Amino acid sequence: MNTATVSSKFFKTLAAGLLVLGAGAALADQKIVPAQSDISFTSRQMGVPVDGKFKKWDAQIAFDPKKPETGKVSFTIDTGSATFGAAETDAEVPKAAWFNVPKFPQATFQSSAIKAAGPGKVEVTGKLSIKGAVHDVVVPVTLTQAGATTTAAGSFTIKRLDFKIGEGEWADTSMVANDVVVKFKLAVTGVAPL
């Protein structure tokens, strides 16, 4: 093999590597705008909806609207930051029967697949881990853009008892319903046009 051939192969490999790194850098520039984002939940206590939210969480997103299947999404939520806005209820949430925050301080979500689900929509499949229990969830997401900001919003339902949330006397679903609706709105910068 002559020097020109080696040199040509080297530069082609280098160019391909730089393209991959460039794409990775573009995805790495995607950032959450915390002031425009939130993760909340609604449970039902004796038939009455009760809203709460998580005050502390972090997300890592790498998403290309033209190739959603190459994307990755992960969340880390501080379970001790759950609040219902009532001091006595908030004092119960960290206890062993509920989130058991001393033993399980974080809940996590890690995507395993993202697929297009129509214009401005994707479906994210992944593993949700709360209080040591791990279950697969499918999350429908609607995407909108305004200027440099992309908003990903949606909701999905979990069964709280699948994650051991509300154990002992609180496992009675006539008091606290088993279904909990998780809602999110994430404002993200750095996403390519939809």
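On a predicted model such as this, the values are computed, not experimentally measured, just so you know.

Conventions and cut-offs
- Residues numbered from 1 in each chain as written.
- Predicted model: local features only at pLDDT ≥ 70, side-chain atom pairs only at ≥ 80, totals over all residues.
- Heavy atoms only, no water.
- Helix = DSSP H or I, 4+ residues; strand = E, 2+ residues; numbered from the N terminus.
- Contact = heavy atoms within 4.5 Å.
- Areas by Shrake-Rupley, 256 points an atom, 1.4 Å probe, with all protein chains shown as cover.
- Buried < 20%, exposed > 50% of the residue type's maximum accessible area, 1.4 Å probe, protein only.
- Phe/Tyr/Trp six-rings, centres within 6.5 Å; stacked < 30°, edge-to-face > 60°.
- Pairing = 2+ DSSP bridges.
- Polar contact = N/O pair within 3.5 Å; in protein donor to acceptor, adjacent residues only side chain to side chain.
- Salt bridge = Lys/Arg side-chain N within 4 Å of Asp/Glu carboxyl O.

### A closer look at the overall build of the protein chain
If you tally the helices and strands in the protein chain, you get two helices and 11 strands. In the protein chain, the succession of α and β elements from N to C terminus is α-β-β-β-β-β-β-α-β-β-β-β-β. Of all intrachain contacts in the protein chain linking residues separated by at least 6 positions in sequence, the fraction that spans at least 24 positions is 58%. Summing over all exposed atoms, the protein chain offers an accessible surface of approximately 11100 Å²; the carbon and sulfur share of this is 62%.

### Examining unusual backbone geometry
In the Ramachandran plot, Lys131 falls in the positive-phi region, its phi being about 55° despite a non-glycine side chain. Topologically, Lys131 is positioned in the loop between strand E8 (121-130) and strand E9 (133-146). Owing to a relative accessible area of 4%, Lys131 belongs among the buried residues under this scheme. Of note, Lys164 is a non-glycine position whose phi angle comes to about 60°, a positive value. The partly exposed category is assigned to Lys164, whose relative accessible area is 37%.

### Some details on the packing of aromatic side chains
The geometry of an aromatic ring pair is captured by two quantities: the separation of the ring centres and the angle between the planes. Enumeration over the complete set of coordinates arrives at six aromatic pairs. Seen in terms of ring centroids, Trp98 and Trp170 are 5.5 Å apart; in terms of plane orientation they differ by 45°. Their pairing is tilted. With Trp98 in the loop between helix H2 (87-92) and strand E7 (106-116) and Trp170 in the loop between strand E10 (149-159) and strand E11 (179-189), this residue pair connects regions lying 72 residues apart in the sequence. Judged by its relative accessible area of 26%, Trp170 falls in the partly exposed class. Grouped by ring-pair contacts, the aromatic residues Phe41, Phe54, Phe84 and Phe99 constitute a single cluster.

### A word on the pairing of E11
Of the pairings in the sheet, the one linking strand E1 (residues 31-32) to E11 comprises two bridges and is antiparallel in character. Considered in E11, the bridge of Lys31 is made with Thr189. The pairing of strand E2 (residues 38-45) with E11 spans five bridges and is classified as antiparallel. The partner of Ile39 across the bridge, within E11, is Phe184.

### Some remarks on the pairing of E9
Relative to E9, E8 is paired through 10 bridges, and the arrangement is antiparallel. Of the residues in E9, the one forming a bridge with Leu128 is His135. The turn linking E8 back onto E9 is made up of two residues, and Lys131 within it adopts a positive phi angle of 55°. Across five bridges, the pairing between E9 and E10 is antiparallel. In the sheet register, Gln145 faces E10, and the bridge partner there is Thr150. The turn joining E9 and E10, which pair antiparallel and follow one another in sequence, is formed by two residues; a positive phi near 65° is taken by Gly147.

### Examining the side chain of Lys131
Engagement of the side chain of Lys131 in a polar contact is seen with the backbone oxygen of Ala96, the distance being 2.8 Å. Leaving out residues up to four positions away in the same chain, Lys131 has contacts with Ala96, Ala97, Trp98, Phe99, Asn100, Phe104, Phe163, Lys164 and Glu167.

### Some remarks on the pattern of salt bridges
Applying the stated criterion to the full structure yields six salt bridges. When the shortest N-O distance is used, the salt bridge between Lys95 and Glu92 registers 3.0 Å. Given a relative accessible area of 35%, Glu92 falls into the partly exposed group. Taking the shortest distance from any N to any O, the salt bridge between Glu167 and Lys131 comes out at 2.8 Å. Here Lys131 lies in the loop between E8 and E9 and Glu167 lies in the loop between E10 and E11, a separation of 36 residues in the sequence. Note on Glu167: relative accessible area 34%, which makes it partly exposed.

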